[in-house]
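A closer look at the structure
The residues making up each chain are set out below.
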Amino acid sequence: DVKVTQSSRYLVKRTGEKVFLECVQDMDHENMFWYRQDPGLGLRLIYFSYDVKMKEKGDIPEGYSVSREKKERFSLILESASTNQTSMYLCASSSYRVANEKLFFGSGTQLSVL
Amino acid sequence: AQTVTQSQPEMSVQEAETVTLSCTYDTSESDYYLFWYKQPPSRQMILVIRQEAYKQQNATENRFSVNFQKAAKSFSLKISDSQLGDAAMYFCAYRMPNTDKLIFGTGTRLQVFP
């Protein structure tokens, strides 16, 4: 089974801190994604990557950056955390070699910024 | 821009009964993919069912089936013989061909009563 692992299930940070959310997948997937999930808003795409060192902005990239130095790892960075970034963050991966491939998700990181 | 709308924030069903979750979407494309994902309390997103827009036949996976009406841009999920384990958040999602990004609806929380 494909495994997408997010390094932390719960995280508490202070306003202004630099925050790293890590995601690792073990199925050699080309595509990796970071979504943010908020009640009443569903999942919104922050950033995605189709390949190593490649990144594209999603719908809500402001306040975030990403890094993909290795194929299996995709990091989400909050340069200076703010309270409005308190949310559930979901990482996902997929392969573009498979037609109509589904996304495989991690279990999420619940981030609280105080 | 493509949008996905789930107009039912919460639904409930009695065990063994049938429930239908609604989803509508807006697109000018003729070829695309639609998905229903389930998110139980564990937070792990699980693919329930998927539909290719060019296929007229409605997708079915065991107790789960869809009513896909392309002209109306409607993609509802029917759960038959509901079980307690079906209790979860359900998200409808849209994807254009040649892209791996999913656009999600706001979700429907399904409660199942014994």
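Everything quoted here is computed from the prediction, not taken from an experiment.

1. Observations concerning the layout of surface pockets
By rolling a water-sized probe across the atoms, one finds the places where empty space is left. Of the voids in this model, the largest pocket is the one considered here, and its volume is about 400 Å³. Around the largest pocket, the lining comprises 20 residues; the ones closest to its centre are Q37(A), Q39(B), M89(B), F91(B) and R109(B). At the level of secondary structure, the elements contributing two or more residues to the lining of the largest pocket comprise β4 (31-38) of chain A together with β10 (88-95) and β12 (108-113) of chain B. Looking at the lining of the largest pocket element by element, the count peaks at 3 residues for β10(B). Here the lining of the largest pocket is built from residues that sort into 10 nonpolar, 7 polar and 3 charged.

2. Quick word on the interface of chain A and chain B
Each partner contributes to the interface: chain A provides 27 residues, whereas chain B provides 21 residues. Around 1,900 Å² of area is buried between chain A and chain B when both sides are counted, 47% of it from carbon and sulfur atoms. Where chain A packs against chain B, one counts 0 salt bridges. Our count for the contact surface shared by chain A and chain B stands at 9 residue pairs in polar contact (both at pLDDT 80 or more). Classifying every residue of the side of chain A that touches chain B gives 13 nonpolar, 11 polar and 3 charged.

3. Let's talk about the pairing of strand β3 (residues 19-25) of chain A
All names here are of chain A. What you see with β3 is a clean split: V19, L21, C23 and Q25 sit on the buried side and F20, E22 and V24 on the side with no burial. Bridge count between strand β1 (residues 4-6) and β3: 3 bridges; the pairing is antiparallel. Counterpart to Q6 in the pairing with β3 is C23. Sheet topology places β3 next to strand β8 (residues 73-78); 6 bridges connect them, and they run antiparallel. In the sheet register, F20 faces β8, and the bridge partner there is I77.

Conventions adopted
- Residues numbered from 1 in each chain as written.
- Chains lettered and ligands numbered in written order.
- Predicted model: local features only at pLDDT ≥ 70, side-chain atom pairs only at ≥ 80, totals over all residues.
- Heavy atoms only, no water.
- 1 Å grid on protein atoms, 1.4 Å probe; cavity = no way out; pocket = protein on both sides within 12 Å on 5 of 7 lines; lining within 4 Å.
- Points joined across faces, edges and corners; volume = space filled by probe spheres on them.
- Helix = DSSP H or I, 4+ residues; strand = E, 2+ residues; numbered from the N terminus.
- Nonpolar A, V, L, I, M, F, W, Y, C, P; charged D, E, K, R; others polar.
- Contact = heavy atoms within 4.5 Å.
- Buried area = accessible area lost by both parts, 1.4 Å probe.
- Salt bridge = Lys/Arg side-chain N within 4 Å of Asp/Glu carboxyl O.
- Polar contact = N/O pair within 3.5 Å; in protein donor to acceptor, adjacent residues only side chain to side chain.
- Buried < 20%, exposed > 50% of the residue type's maximum accessible area, 1.4 Å probe, protein only.
- Pairing = 2+ DSSP bridges.

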